[in-house]
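Each chain, letter by letter, is given below.
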Amino acid sequence: MKKSNFLFKEISKICICIILVLINLILFKAFPNFKKGFYTAVYEKNISFSSINEFYKKHAGSSLPFENLFNSPTSTVFNEKLTYSENHKYLDGVKLIVQENYLVPALDKGLVIFIGEKESYGKTVIIQQSNGIDVWYGNLENINVNMYDYIEQGSLLGEVTTKELYLLFKKDGENLDYKEYI
């Protein structure tokens, strides 16, 4: 692609974003109910930012302007599927028996929305998948992702050293049956 065409597309994306922000600001000022509805949708409901990112990437290309300007093409090094020998119900989710020092792949693409300690799950990574389901990956060590990373299916999340991987599936605050997803 020609550099001038590339710059035009990237500048167009920035202009569209600015226009959308300005339209929202005008609507906030002119219509108090719009502002109230917006705040309710953003702060009180579980918005799938992962699905918004997917929509934006589909219609506007990369999620960041000029993302590919300085980056050289890369290839995926780790792209695995989840493998385990047994599964058992564990609290609200499932405990999978995996190999020792198992490298944990992401079940689907999504956004990292939590990294930290969860009671009974240990070190946990929560991925908000583009289908609206939050997947908790518990009992991880050597975590390989950062907050707000957008990850692809099969990406390396971390390592399980104790042969037990805990998974929990949630949507809109409700626990889902793990049998449908593993």
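Reading the values: rules and limits
- Along each chain, numbering runs from 1 in the same order as the chain's sequence is written.
- Only residues with pLDDT of at least 70 get local features here, since the model is predicted, and only at 80 or more are side-chain atom pairs given and counted; chain-wide, interface and lining totals rely on the full set of residues.
- Note that water and hydrogens are dropped before the side-chain values are worked out from all heavy atoms of the structure.
- Numbering of helices and strands starts at the N terminus; helices are DSSP runs of H or I of at least 4 residues and strands are runs of E of at least 2.
- The criterion used for residue contact is that any of the two residues' heavy atoms lie within 4.5 Å.
- Residue-level accessible areas treat just the shown protein chains as cover; the underlying method is Shrake-Rupley with a 1.4 Å probe.
- To count as a disulfide, a pair of cysteine sulfur atoms needs to be within 2.5 Å.
- Burial here depends on accessible area, computed with a 1.4 Å probe over protein chains only, as a share of the maximum for the residue type. Under 20% is buried, over 50% is exposed, and the range in between is partly exposed.
- Note: two strands are recorded as paired if DSSP finds a minimum of 2 bridges between them.
- Residues grouped as a nonpolar core are buried Ala, Val, Leu, Ile, Met, Phe, Trp, Tyr and Cys residues, joined through side-chain atoms within 4.5 Å.
- Definition used for salt bridges: Asp or Glu carboxyl oxygen within 4 Å of a side-chain nitrogen of Lys or Arg.

1. Focus: the overall build of the chain
Counting its regular elements, the chain contains three helices and ten strands. Secondary structure elements in the chain, listed N-terminal to C-terminal, are α-α-α-β-β-β-β-β-β-β-β-β-β. Here the analysis covers contacts within the chain between residues at least 6 apart in sequence; of these, 61% occur between residues at least 24 apart. Surface summary for the chain: the accessible area is close to 11900 Å², and the carbon and sulfur share equals 56%.

2. Regarding the state of the cysteines
Inspection of every chain in the model, using the stated rule, returns zero disulfides. In this model Cys15 remains outside any disulfide bridge; the closest cysteine sulfur is found in Cys17, 9.4 Å from its own. Judged by its relative accessible area of 39%, Cys15 is partly exposed.

3. Details of the pairing of strand β4 (residues 110-118)
Two elements, β4 and strand β5 (residues 122-129), share eight bridges in a ladder whose sense is antiparallel. The partner of Gly116 across the bridge, within β5, is Thr124. Hairpin connection from β4 to β5: three residues lie between these consecutive antiparallel strands, with Ser120 at a positive phi of about 70°. Pairing of β4 with strand β7 (residues 150-151) involves two bridges; the strand directions are antiparallel. Paired with Gly110 across the bridge in β7 is Ile151.

4. Description of unusual backbone geometry
Even without being glycine, Tyr148 reaches a positive phi, approximately 70°. With respect to the helices and strands, Tyr148 occurs in the loop between β6 (134-138) and β7. Not every positive phi belongs to a glycine, and Asp172 is a case in point at roughly 50°. Looking at the element boundaries, Asp172 is found in the loop between β9 (164-171) and β10 (174-175). Among the residues examined, Asp172 registers a relative accessible area of 56% and is labelled exposed.

5. Quick look at the nonpolar core
In terms of nonpolar packing, the biggest core is built from 23 residues, with Val104, Tyr137, Leu157, Leu165 and Leu167 touching the most fellow members. Among the secondary structure elements, those contributing two or more residues to this core are β2 (93-97), β3 (102-105), β5, β6, β8 (156-160) and β9. Apart from residues lying up to four places away in sequence, Leu167 is in contact with Leu82, Gly93, Val94, Leu96, Leu107, Val135, Trp136, Tyr137 and Ile182. Tyr121, Ile126, Tyr166 and Leu168 belong to the second largest nonpolar core, which has five residues in total.

6. Describing the pattern of salt bridges
In the structure shown here, the tally under the stated rule is two salt bridges. Lys95 is paired through a salt bridge with Glu164; the nearest N and O atoms lie 3.6 Å apart. Here Lys95 is found in strand β2, whereas its partner Glu164 is found in strand β9, with 69 residues between them in sequence. Among the salt bridges present, the one from Glu141 reaches Lys123, with a minimum N-O distance of 3.4 Å. Pair noted here: Glu141 is in the loop between β6 and β7 and Lys123 is in strand β5, with a separation of 18 residues, a long-range link. On the accessibility criterion, Lys123 (37% relative accessible area) is partly exposed.

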